[in-house]
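Summary of structural features
Letter by letter, the chains look like this.
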Amino acid sequence: MQSSMLEEVIDNPNPYPVVAEPRYPEVWQLCLQARELAWDPAADIDWEELKNADLPPDVRAAGAEWWSLRAWMEHGAVPYGCERLRDAVFQHLPFEVKQHICNFIAEELRHHEASFRIAQALDDYQPEPRADYFKTIIPKFHDEKVEKAMSFYAGLAVNTLFEQLSGELLQVRYENARFPAIKEACRLILRDEARHIQFGRVIMRLFFADISKDEKVALGEKFAAKLRGSLLNGVYSVVNLPAEERKRSAKQRALAADWGIGATHPDEEVEIIIDAVGRIRGEVAEYDVPIPVIPEIEGPREAAE
Ligand SMILES: [Fe+2]
Ligand SMILES: [Fe+2]
(Lines give C-alpha, C1' and ligand atoms only; values in the text may rest on other atoms or scores of the structure.)
(Ligands and ions follow the chains in the order given, each with its own letter.)
Protein backbone atom coordinates (compact mmCIF):
# COMPACT_ATOMS: atom_id res chain seq x y z
CA MET A 1 0.00 0.00 0.00
CA GLN A 2 1.28 3.47 -0.82
CA SER A 3 2.06 5.68 2.14
CA SER A 4 -0.30 8.40 0.87
CA MET A 5 -3.14 5.89 1.11
CA LEU A 6 -2.15 4.92 4.62
CA GLU A 7 -2.32 8.57 5.65
CA GLU A 8 -5.96 8.71 4.63
CA VAL A 9 -6.92 5.94 7.05
CA ILE A 10 -7.99 7.63 10.27
CA ASP A 11 -7.53 5.45 13.32
CA ASN A 12 -10.06 5.49 16.07
CA PRO A 13 -7.90 7.28 18.66
CA ASN A 14 -9.35 5.37 21.60
CA PRO A 15 -11.13 2.10 20.88
CA TYR A 16 -11.91 1.35 24.55
CA PRO A 17 -14.18 1.10 26.44
CA VAL A 18 -16.53 -0.68 24.06
CA VAL A 19 -19.78 0.07 25.84
CA ALA A 20 -22.29 -2.74 26.38
CA GLU A 21 -24.35 -1.24 29.17
CA PRO A 22 -27.81 -0.25 27.85
CA ARG A 23 -28.77 3.31 28.69
CA TYR A 24 -31.88 4.06 26.64
CA PRO A 25 -34.46 1.23 26.84
CA GLU A 26 -36.84 3.00 24.43
CA VAL A 27 -34.14 3.08 21.76
CA TRP A 28 -33.45 -0.61 22.37
CA GLN A 29 -37.18 -1.35 21.92
CA LEU A 30 -37.00 0.31 18.49
CA CYS A 31 -33.99 -1.89 17.66
CA LEU A 32 -35.95 -5.03 18.60
CA GLN A 33 -38.88 -3.92 16.44
CA ALA A 34 -36.50 -3.30 13.55
CA ARG A 35 -35.23 -6.89 13.81
CA GLU A 36 -38.74 -8.26 13.90
CA LEU A 37 -40.08 -6.12 11.05
CA ALA A 38 -37.18 -6.44 8.60
CA TRP A 39 -38.28 -6.99 4.99
CA ASP A 40 -36.77 -7.74 1.62
CA PRO A 41 -37.74 -5.50 -1.33
CA ALA A 42 -36.64 -8.12 -3.87
CA ALA A 43 -38.39 -11.13 -2.37
CA ASP A 44 -41.36 -9.78 -0.40
CA ILE A 45 -42.99 -7.80 -3.22
CA ASP A 46 -44.42 -9.27 -6.42
CA TRP A 47 -43.00 -7.06 -9.20
CA GLU A 48 -44.36 -9.05 -12.14
CA GLU A 49 -47.86 -7.58 -12.01
CA LEU A 50 -46.50 -4.03 -12.24
CA LYS A 51 -44.19 -4.99 -15.12
CA ASN A 52 -47.18 -6.41 -17.00
CA ALA A 53 -49.75 -3.75 -16.06
CA ASP A 54 -51.56 -2.06 -18.92
CA LEU A 55 -50.04 1.44 -18.76
CA PRO A 56 -49.29 3.97 -21.53
CA PRO A 57 -45.55 4.55 -22.18
CA ASP A 58 -45.67 8.22 -21.09
CA VAL A 59 -47.18 7.19 -17.74
CA ARG A 60 -44.50 4.52 -17.28
CA ALA A 61 -41.80 7.11 -18.07
CA ALA A 62 -43.30 9.68 -15.66
CA GLY A 63 -43.60 7.03 -12.93
CA ALA A 64 -40.03 5.86 -13.46
CA GLU A 65 -38.77 9.44 -13.27
CA TRP A 66 -40.70 9.97 -10.06
CA TRP A 67 -39.50 6.76 -8.41
CA SER A 68 -35.93 7.39 -9.55
CA LEU A 69 -36.09 10.71 -7.71
CA ARG A 70 -37.47 8.88 -4.67
CA ALA A 71 -34.60 6.38 -4.94
CA TRP A 72 -31.96 9.15 -5.01
CA MET A 73 -33.54 10.78 -1.98
CA GLU A 74 -33.64 7.57 0.03
CA HIS A 75 -30.04 6.94 -0.93
CA GLY A 76 -29.14 10.44 0.28
CA ALA A 77 -29.91 9.28 3.82
CA VAL A 78 -27.21 6.58 3.59
CA PRO A 79 -24.08 8.81 3.58
CA TYR A 80 -25.75 10.94 6.24
CA GLY A 81 -26.27 7.82 8.39
CA CYS A 82 -22.70 6.64 7.81
CA GLU A 83 -21.31 9.91 9.18
CA ARG A 84 -23.57 9.64 12.24
CA LEU A 85 -22.48 6.03 12.82
CA ARG A 86 -18.86 7.10 12.64
CA ASP A 87 -19.55 9.80 15.25
CA ALA A 88 -21.44 7.37 17.48
CA VAL A 89 -18.60 4.83 17.35
CA PHE A 90 -15.91 7.43 18.02
CA GLN A 91 -17.84 8.92 20.93
CA HIS A 92 -18.40 5.47 22.48
CA LEU A 93 -22.15 5.95 22.57
CA PRO A 94 -24.29 3.14 23.97
CA PHE A 95 -24.75 -0.01 21.90
CA GLU A 96 -28.43 0.67 21.23
CA VAL A 97 -27.67 4.08 19.69
CA LYS A 98 -25.12 2.52 17.31
CA GLN A 99 -27.55 -0.31 16.56
CA HIS A 100 -30.34 2.13 15.78
CA ILE A 101 -28.11 4.06 13.38
CA CYS A 102 -27.00 0.80 11.68
CA ASN A 103 -30.67 -0.09 11.29
CA PHE A 104 -31.41 3.38 9.94
CA ILE A 105 -28.69 2.99 7.26
CA ALA A 106 -29.91 -0.50 6.26
CA GLU A 107 -33.51 0.66 6.17
CA GLU A 108 -32.84 3.74 4.04
CA LEU A 109 -30.85 1.55 1.65
CA ARG A 110 -33.82 -0.81 1.53
CA HIS A 111 -36.13 2.13 0.73
CA HIS A 112 -33.72 3.09 -2.02
CA GLU A 113 -33.89 -0.48 -3.36
CA ALA A 114 -37.70 -0.66 -3.25
CA SER A 115 -37.86 2.70 -5.08
CA PHE A 116 -35.48 1.73 -7.88
CA ARG A 117 -37.30 -1.58 -8.26
CA ILE A 118 -40.55 0.31 -8.80
CA ALA A 119 -38.81 2.48 -11.42
CA GLN A 120 -37.40 -0.64 -13.12
CA ALA A 121 -40.75 -2.41 -13.12
CA LEU A 122 -42.36 0.66 -14.73
CA ASP A 123 -39.67 1.56 -17.23
CA ASP A 124 -36.01 2.40 -16.60
CA TYR A 125 -34.41 3.44 -13.37
CA GLN A 126 -32.47 6.66 -13.96
CA PRO A 127 -29.16 6.40 -12.08
CA GLU A 128 -28.78 10.18 -12.22
CA PRO A 129 -31.04 13.12 -12.91
CA ARG A 130 -31.45 14.06 -16.57
CA ALA A 131 -32.11 17.73 -15.76
CA ASP A 132 -28.90 19.65 -14.98
CA TYR A 133 -30.76 21.54 -12.32
CA PHE A 134 -31.47 18.39 -10.33
CA LYS A 135 -27.85 17.31 -10.65
CA THR A 136 -26.87 20.35 -8.62
CA ILE A 137 -29.71 20.11 -6.11
CA ILE A 138 -29.51 16.48 -5.00
CA PRO A 139 -25.95 16.70 -3.57
CA LYS A 140 -27.03 19.65 -1.42
CA PHE A 141 -29.50 17.46 0.41
CA HIS A 142 -26.87 16.45 2.91
CA ASP A 143 -24.29 19.04 3.97
CA GLU A 144 -21.88 17.62 6.49
CA LYS A 145 -20.69 21.10 7.53
CA VAL A 146 -24.22 21.98 8.64
CA GLU A 147 -24.56 18.66 10.47
CA LYS A 148 -21.22 19.08 12.26
CA ALA A 149 -22.27 22.52 13.48
CA MET A 150 -24.92 20.86 15.68
CA SER A 151 -24.42 18.64 18.71
CA PHE A 152 -24.88 14.93 17.96
CA TYR A 153 -28.38 14.37 19.33
CA ALA A 154 -29.66 17.80 18.28
CA GLY A 155 -28.58 17.07 14.70
CA LEU A 156 -30.28 13.68 14.77
CA ALA A 157 -33.45 15.32 16.06
CA VAL A 158 -33.48 17.85 13.21
CA ASN A 159 -33.12 15.01 10.72
CA THR A 160 -36.05 13.17 12.21
CA LEU A 161 -38.22 16.26 11.70
CA PHE A 162 -37.61 15.79 7.99
CA GLU A 163 -38.51 12.13 8.33
CA GLN A 164 -41.79 13.27 9.81
CA LEU A 165 -42.41 15.63 6.93
CA SER A 166 -41.52 13.06 4.28
CA GLY A 167 -43.61 10.50 6.17
CA GLU A 168 -46.68 12.73 5.74
CA LEU A 169 -46.01 13.00 2.01
CA LEU A 170 -45.42 9.27 1.77
CA GLN A 171 -48.73 8.58 3.50
CA VAL A 172 -50.52 10.43 0.68
CA ARG A 173 -48.44 8.56 -1.93
CA TYR A 174 -49.42 5.30 -0.26
CA GLU A 175 -53.07 6.31 -0.54
CA ASN A 176 -52.53 7.32 -4.18
CA ALA A 177 -50.96 3.96 -5.16
CA ARG A 178 -53.31 1.75 -7.16
CA PHE A 179 -50.84 -1.03 -7.97
CA PRO A 180 -50.24 -3.66 -5.26
CA ALA A 181 -46.43 -3.64 -5.61
CA ILE A 182 -46.23 0.15 -5.18
CA LYS A 183 -48.76 0.15 -2.36
CA GLU A 184 -46.91 -2.58 -0.49
CA ALA A 185 -43.55 -0.84 -0.95
CA CYS A 186 -45.04 2.42 0.41
CA ARG A 187 -46.61 0.59 3.36
CA LEU A 188 -43.36 -1.12 4.33
CA ILE A 189 -41.32 2.06 3.92
CA LEU A 190 -43.84 3.94 6.08
CA ARG A 191 -43.55 1.28 8.78
CA ASP A 192 -39.77 1.79 8.92
CA GLU A 193 -40.13 5.57 8.84
CA ALA A 194 -42.48 5.42 11.84
CA ARG A 195 -39.57 4.02 13.87
CA HIS A 196 -37.20 6.72 12.62
CA ILE A 197 -39.73 9.37 13.66
CA GLN A 198 -40.25 7.69 17.02
CA PHE A 199 -36.48 7.73 17.61
CA GLY A 200 -36.56 11.51 17.08
CA ARG A 201 -39.31 11.91 19.67
CA VAL A 202 -37.35 9.82 22.16
CA ILE A 203 -34.15 11.80 21.77
CA MET A 204 -35.96 15.13 21.95
CA ARG A 205 -37.48 14.03 25.24
CA LEU A 206 -34.13 12.77 26.54
CA PHE A 207 -31.80 15.54 25.42
CA PHE A 208 -33.64 18.74 24.64
CA ALA A 209 -33.90 19.82 28.27
CA ASP A 210 -30.12 20.23 28.32
CA ILE A 211 -29.47 22.25 25.19
CA SER A 212 -29.11 26.02 25.30
CA LYS A 213 -31.68 28.52 24.04
CA ASP A 214 -29.25 29.66 21.34
CA GLU A 215 -28.83 26.14 20.07
CA LYS A 216 -32.59 25.68 19.97
CA VAL A 217 -32.98 28.83 17.86
CA ALA A 218 -30.21 27.55 15.57
CA LEU A 219 -31.98 24.18 15.22
CA GLY A 220 -35.22 25.81 14.10
CA GLU A 221 -33.29 27.95 11.61
CA LYS A 222 -31.44 24.92 10.24
CA PHE A 223 -34.72 23.08 9.74
CA ALA A 224 -36.17 26.04 7.81
CA ALA A 225 -32.98 26.58 5.78
CA LYS A 226 -32.81 22.95 4.66
CA LEU A 227 -36.47 22.88 3.78
CA ARG A 228 -36.16 26.03 1.68
CA GLY A 229 -32.73 25.39 0.23
CA SER A 230 -33.05 21.89 -1.06
CA LEU A 231 -36.27 20.08 -0.29
CA LEU A 232 -38.68 22.57 -1.82
CA ASN A 233 -36.51 22.61 -4.92
CA GLY A 234 -38.21 19.71 -6.62
CA VAL A 235 -37.70 17.13 -3.93
CA TYR A 236 -40.65 17.44 -1.56
CA SER A 237 -42.35 19.89 -3.83
CA VAL A 238 -41.70 21.78 -7.05
CA VAL A 239 -42.39 25.27 -5.63
CA ASN A 240 -38.81 26.60 -5.72
CA LEU A 241 -37.81 25.11 -9.06
CA PRO A 242 -36.88 27.42 -11.95
CA ALA A 243 -40.00 28.10 -14.04
CA GLU A 244 -39.29 25.77 -16.95
CA GLU A 245 -38.22 22.78 -14.86
CA ARG A 246 -41.08 23.47 -12.49
CA LYS A 247 -43.57 23.18 -15.35
CA ARG A 248 -42.02 20.01 -16.75
CA SER A 249 -41.55 18.34 -13.39
CA ALA A 250 -45.06 19.24 -12.19
CA LYS A 251 -46.59 17.81 -15.39
CA GLN A 252 -44.76 14.51 -14.91
CA ARG A 253 -45.77 14.28 -11.25
CA ALA A 254 -49.37 15.09 -12.04
CA LEU A 255 -49.42 12.34 -14.68
CA ALA A 256 -47.94 9.79 -12.26
CA ALA A 257 -50.44 10.84 -9.56
CA ASP A 258 -53.41 10.68 -11.96
CA TRP A 259 -52.55 7.08 -12.78
CA GLY A 260 -52.04 6.00 -9.17
CA ILE A 261 -48.28 5.41 -9.41
CA GLY A 262 -47.78 6.40 -5.75
CA ALA A 263 -47.04 10.06 -6.44
CA THR A 264 -48.32 13.28 -4.95
CA HIS A 265 -50.00 15.83 -7.21
CA PRO A 266 -47.91 19.06 -7.22
CA ASP A 267 -50.98 21.08 -6.22
CA GLU A 268 -51.60 19.02 -3.10
CA GLU A 269 -47.93 18.78 -2.03
CA VAL A 270 -47.78 22.33 -0.76
CA GLU A 271 -50.90 21.87 1.38
CA ILE A 272 -49.47 18.66 2.89
CA ILE A 273 -46.18 20.40 3.66
CA ILE A 274 -47.93 23.41 5.23
CA ASP A 275 -49.96 21.10 7.49
CA ALA A 276 -46.95 18.96 8.39
CA VAL A 277 -44.72 21.97 9.14
CA GLY A 278 -47.49 23.37 11.35
CA ARG A 279 -47.71 20.12 13.30
CA ILE A 280 -43.94 19.83 13.62
CA ARG A 281 -43.74 23.46 14.79
CA GLY A 282 -46.32 22.67 17.48
CA GLU A 283 -44.45 19.55 18.61
CA VAL A 284 -41.04 21.21 18.93
CA ALA A 285 -42.54 24.31 20.58
CA GLU A 286 -42.93 22.08 23.62
CA TYR A 287 -39.13 22.12 23.81
CA ASP A 288 -38.89 25.85 22.99
CA VAL A 289 -37.47 25.21 19.52
CA PRO A 290 -38.87 28.00 17.30
CA ILE A 291 -39.34 27.15 13.61
CA PRO A 292 -39.39 30.32 11.50
CA VAL A 293 -42.12 30.95 8.92
CA ILE A 294 -41.29 29.39 5.55
CA PRO A 295 -42.18 32.24 3.16
CA GLU A 296 -42.50 30.10 -0.01
CA ILE A 297 -45.26 27.99 1.44
CA GLU A 298 -46.54 29.89 4.45
CA GLY A 299 -45.88 33.57 3.62
CA PRO A 300 -48.67 34.50 1.22
CA ARG A 301 -51.12 32.25 3.04
CA GLU A 302 -50.47 33.87 6.40
CA ALA A 303 -50.71 37.31 4.85
CA ALA A 304 -54.10 36.37 3.41
CA GLU A 305 -55.50 35.24 6.73
FE1 LIG B 1 -36.52 6.29 3.94
FE1 LIG C 1 -36.12 7.39 7.36
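Read on for a plain summary of the structure.

1. Structural notes on the overall build of the protein
Regarding its fold elements, the protein presents 13 helices and 0 strands. The secondary structure elements of the protein, listed N-terminal to C-terminal, are α-α-α-α-α-α-α-α-α-α-α-α-α. Computed over C-alpha atoms, the radius of gyration of the protein comes to 20 Å, within 12% of the 19 Å expected from 2.2 N^0.38 for 305 residues, which places it in the range of a compact globule. Overall, the C-alpha framework of the protein stretches about 60 × 55 × 40 Å when taken along its three principal axes. Each of the 305 residues in the protein was classed as buried or not, and the buried ones make up 38%. When contacts within the protein are restricted to residue pairs at least 6 apart in sequence, those whose partners lie at least 24 apart make up 79%.

2. Considering unusual backbone geometry
Here H92, not a glycine, exhibits a phi torsion of approximately 55°, which is positive. One non-glycine residue, D288, adopts positive backbone phi at about 60°. Within the secondary structure, D288 sits in the loop between helix 12 (266–285) and helix 13 (295–304). Residue D288 is classed as partly exposed on the basis of its C-beta count, with 13 C-beta atoms lying within 10 Å.

3. Considerations on the nonpolar core
With 34 residues, the main nonpolar core has I118, A181, I182, A185 and A256 as its most contacted residues. Elements that contribute at least two residues to this core include exactly helix 4 (57–90), helix 5 (95–122), helix 6 (132–137), helix 9 (180–207) and helix 11 (243–258). Looking at this core element by element, the count peaks at 7 residues for helix 4. Setting aside residues no more than four positions away along its own chain, A181 makes contact with I45, D46, W47, E49, L50, I118 and A121. Residues V27, V97, V158 and L227 belong to the second largest nonpolar core, which totals 30 residues.

Conventions used here
- Residues numbered from 1 in each chain as written.
- Chains lettered and ligands numbered in written order.
- Predicted model: local features only at pLDDT ≥ 70, side-chain atom pairs only at ≥ 80, totals over all residues.
- Helix = DSSP H or I, 4+ residues; strand = E, 2+ residues; numbered from the N terminus.
- Rg over C-alpha atoms; globule rule 2.2 N^0.38 Å.
- Buried ≥ 20, exposed ≤ 12 C-beta atoms within 10 Å, placed from the backbone.
- Contact = placed C-beta atoms within 7 Å.
- Core = buried A, V, L, I, M, F, W, Y, C linked by C-beta atoms within 7 Å.

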